[in-house]
Amino acid sequence: RMKKLFFLAFISLLVFSCQTNKKDTKTNKEREYIVQGEAQGTTYTIKYLGDSVSGLKPKVDSLLLAFDQSLSTYIPNSLISKFNQSDSLVIDENFKQVFLLSKKINEATLGAFDPSIGPLIKAWGFDYAEPEKMDSAKVDSLLAICGLNLFYLDDSTLVKTEKRARLNFNANRRNPLHSFLCL
C-alpha cells in the first residue's frame, strides 16, 4: 500500500512539473514568444515569457553579425582574421571583452585553455588550411609561437610580440558569443 501511495505521488509530481508555463493573453498573463533564425553556420532559437518585443529578430541578427565580423576566423575580412595577419590592430569592444575573458580563463586553468593555439589549429587543418605533415618537432616549433603572453592590449589596440602567433576563440563557444552573453 505504501509503494502504491509513493508511486501515485511520484507520478503526480512528474505530471505537474512537466507542464509548460505558457499563459494565455486573454487572461492578461505572460505568453511565450519564440524568435528563430540562422547564424554562424547553424540555427538559433530564443524563447521568452512576457510582452512581445518589437523588432527583436533584426536586433539579434545584428548582434550575431557583429560578432561574426569581429571574431569569426572563417570570414577573411573579420577583425580576428585581419589581426592574425598583422602585428597589431585596433579591435572592437566584442573582441576586447572576449580576449579579456579568455585571459582570465587561461589563468584560472593554468594555461589548459589557450586560444592562442591558432598555429596548431591551422597546421592540423582544423580550419580551411591543408593539413601539414606533423611530428613532435613540428608540434614543439609551433608551441613556441603559442601562449597568451605573446599578446597584450594597449587601450583598444591588440598587439602581438610574435608575428606568427594567431588567436582562435572558437573554443569559447559554440563561439565567443556564448561567453559574451554570460558576462
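Shown above is the structure to which this text applies.
Procedures and definitions
- Residues numbered from 1 in each chain as written.
- Predicted model: local features only at pLDDT ≥ 70, side-chain atom pairs only at ≥ 80, totals over all residues.
- Heavy atoms only, no water.
- Helix = DSSP H or I, 4+ residues; strand = E, 2+ residues; numbered from the N terminus.
- Buried < 20%, exposed > 50% of the residue type's maximum accessible area, 1.4 Å probe, protein only.
- Contact = heavy atoms within 4.5 Å.
- Areas by Shrake-Rupley, 256 points an atom, 1.4 Å probe, with all protein chains shown as cover.
- Expected span 1.5 Å × (residues − 1).
- Polar contact = N/O pair within 3.5 Å; in protein donor to acceptor, adjacent residues only side chain to side chain.
- Pairing = 2+ DSSP bridges.
- Axes fitted to C-alpha atoms, helices over the stretch in contact; angles between N-to-C directions.
- Salt bridge = Lys/Arg side-chain N within 4 Å of Asp/Glu carboxyl O.

A.B. asks: Report on the overall build of the protein, specifying residues and quantitative values.
C.D. replies: If you tally the helices and strands in the protein, you get seven helices and five strands. Written out in order from the N terminus, the α and β elements of the protein read α-β-β-α-α-β-α-α-α-β-β-α. In the protein, buried positions account for 34% of the 183 residues. For the protein, the share of sequence-separated contacts (at least 6 apart) that also reach a separation of at least 24 residues comes to 50%. When the accessible surface of the protein is split by element, carbon and sulfur atoms take 57% of a total near 12200 Å².

A.B. asks: Please set out helix α4 (residues 93-108) residue by residue, giving values where relevant.
C.D. replies: The terminal C-alpha atoms of α4 lie 22 Å apart, and with 16 residues this matches the ideal 22 Å at 1.5 Å per residue to within 8%. What α4 keeps buried is the set N94, F95, K96, V98, F99, L101, S102 and N106. In this structure D92 caps α4, since a side-chain oxygen of it lies 3.3 Å from the backbone nitrogen of N94. Phi turns positive, to about 55°, at L110, one or two residues after α4.

A.B. asks: A description of the sheet that holds strand β3 (residues 88-90) should follow, citing residues and the corresponding values.
C.D. replies: Pairing within the open sheet is antiparallel, and its three strands lie in the order β3-β5-β4. Two strands bound the open sheet, and with one partner strand each, they are β3 and β4 (151-154). In this sheet, adjacent strand axes meet at a mean angle of 20° when their direction is disregarded. Running at roughly 135° to β4, α4 makes contact with β4 and β5 (157-160) of the sheet.

A.B. asks: Any details on the environment of G37? Residues and values, ideally.
C.D. replies: When you line up the elements, G37 lands in strand β1 (residues 31-39). We classify G37 as buried; its relative accessible area is 12%. Linking G37 and D61, residues 24 residues apart in sequence, is a C-alpha distance of 7.6 Å. Once residues within four sequence positions are removed from consideration, G37 is found in contact with T42, T43, Y44 and K57.

A.B. asks: Explain the pattern of salt bridges to me, and be specific about the residues and the numbers.
C.D. replies: Counting across every chain of the model gives three salt bridges. D61 is the salt-bridge partner of K57, the closest N and O atoms lying 2.7 Å from each other. Of this pair, K57 and D61 both sit in helix α2 (residues 56-71), four residues apart, roughly one helical turn. We classify D61 as partly exposed; its relative accessible area is 26%. The salt bridge involving E132 is made with K138; its shortest N-O contact spans 2.8 Å.

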